[in-house]
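Per-entry structural report
Residue strings, one per chain:
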Amino acid sequence: MNSNFFLLNKCYQTIEYYNKRLINYPKREMLLKQNIEKTYYEMIECLFSFNINNSERIKQKYLKDFLVKVSMLDFYTRISNLKKVISKRQFEVIGNRITELRKMAYGLIKNEKVED
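These numbers come from a predicted model, not from an experiment. (Residues numbered from 1 in each chain as written. Predicted model: local features only at pLDDT ≥ 70, side-chain atom pairs only at ≥ 80, totals over all residues. Heavy atoms only, no water.)

Describing the overall build of the protein
Helices and strands together make up the secondary structure of the protein, namely four helices and zero strands. Starting at the N terminus, the α and β elements of the protein follow one another as α-α-α-α. In the protein, which comprises 116 residues, the share counted as buried stands at 42%. Partitioning the intrachain contacts of the protein with sequence separation of at least 6 by distance along the chain shows that 73% fall at a separation of at least 24. Taking the 22 positively charged and 13 negatively charged side chains of the protein as two groups, their mean positions are separated by 7 Å. (Helix = DSSP H or I, 4+ residues; strand = E, 2+ residues; numbered from the N terminus. Buried < 20%, exposed > 50% of the residue type's maximum accessible area, 1.4 Å probe, protein only. Contact = heavy atoms within 4.5 Å. Lys, Arg positive; Asp, Glu negative; His and termini not counted. Charge placed at Lys NZ, Arg CZ, Asp CG, Glu CD.)

Have a look at this one:
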């Protein structure tokens, strides 16, 4: 149960890094910026829901929802890079953080299945 707080902390760190980049998004990319913000708030919501629920089936659902949100964040990051809103270096750093979140979530899914 303690590992999911580690995932939450990593998620916070990724959001903090991304927030610093969102300041520089141009007005013409306002929709992309809003989608990114909405997605990472939903990621946090999925992790809180995962922490609160006791049912393994429901916990699995929230972890899978979290992974969908992480994938969407990855997609928005790729679009930002293609539109030259973020640099290649920022794209790599965010990509590494997203990969780390994804690995941790899959590890939690695997761990939850083993405990059944």
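Thoughts on the packing of aromatic side chains
Under the counting rule described, the total for this entry stands at three aromatic pairs. Taking the centre distance of 5.2 Å and the plane angle of 75 degrees together, the rings of Tyr 40 and Tyr 41 count as edge-to-face. You can call Tyr 40 buried: its relative accessible area is 1%. Each member of the aromatic cluster is reached from another via a ring pair, and the members are Tyr 18, Tyr 40 and Tyr 41. Stacked on the ring of Phe 50, the Lys or Arg Lys 59 has its end atom at 4.9 Å from the ring centre. (Phe/Tyr/Trp six-rings, centres within 6.5 Å; stacked < 30°, edge-to-face > 60°. Lys NZ or Arg CZ within 6 Å of the ring centre and 35° of its normal.)

Structural notes on the nonpolar core
Counting 33 residues, the largest nonpolar core has Leu 7, Cys 11, Tyr 18, Tyr 25, Ile 36, Met 43 and Phe 66 as the members making the most contacts within it. Looking at this core, the elements that each hand over two or more residues are helix H1 (3-22), helix H2 (30-52), helix H3 (56-82) and helix H4 (88-115). Of the residues forming this core, the biggest block, nine residues, is contributed by H4. When residues no more than four places from it in sequence are discounted, the contact partners of Tyr 18 are Tyr 25, Ile 36, Tyr 40, Leu 73, Tyr 76, Thr 77, Ser 80 and Ile 94. (Core = buried A, V, L, I, M, F, W, Y, C linked by side-chain atoms within 4.5 Å.)

A look at unusual backbone geometry
The phi angle at Lys 84 is positive, at roughly 60 degrees, despite the residue not being glycine. In this structure, Lys 84 sits in the loop between H3 and H4.

Concerning the pattern of salt bridges
Overall, the coordinates contain eight salt bridges when judged by the stated rule. Across the pair Lys 10 and Glu 100 runs a salt bridge, and its minimum N-O distance is 3.1 Å. Taken together, the positions of Lys 10 in helix H1 and Glu 100 in helix H4 put the pair 90 residues apart, joining distant regions of the chain. (Salt bridge = Lys/Arg side-chain N within 4 Å of Asp/Glu carboxyl O.)

Observations regarding the environment of Tyr 41
Tracing the backbone shows Tyr 41 in helix H2. Its relative accessible area of 54% is what places Tyr 41 among the exposed residues. It is 16 Å that separates the C-alpha atoms of Tyr 41 and Phe 5, two residues lying 36 residues apart in sequence.

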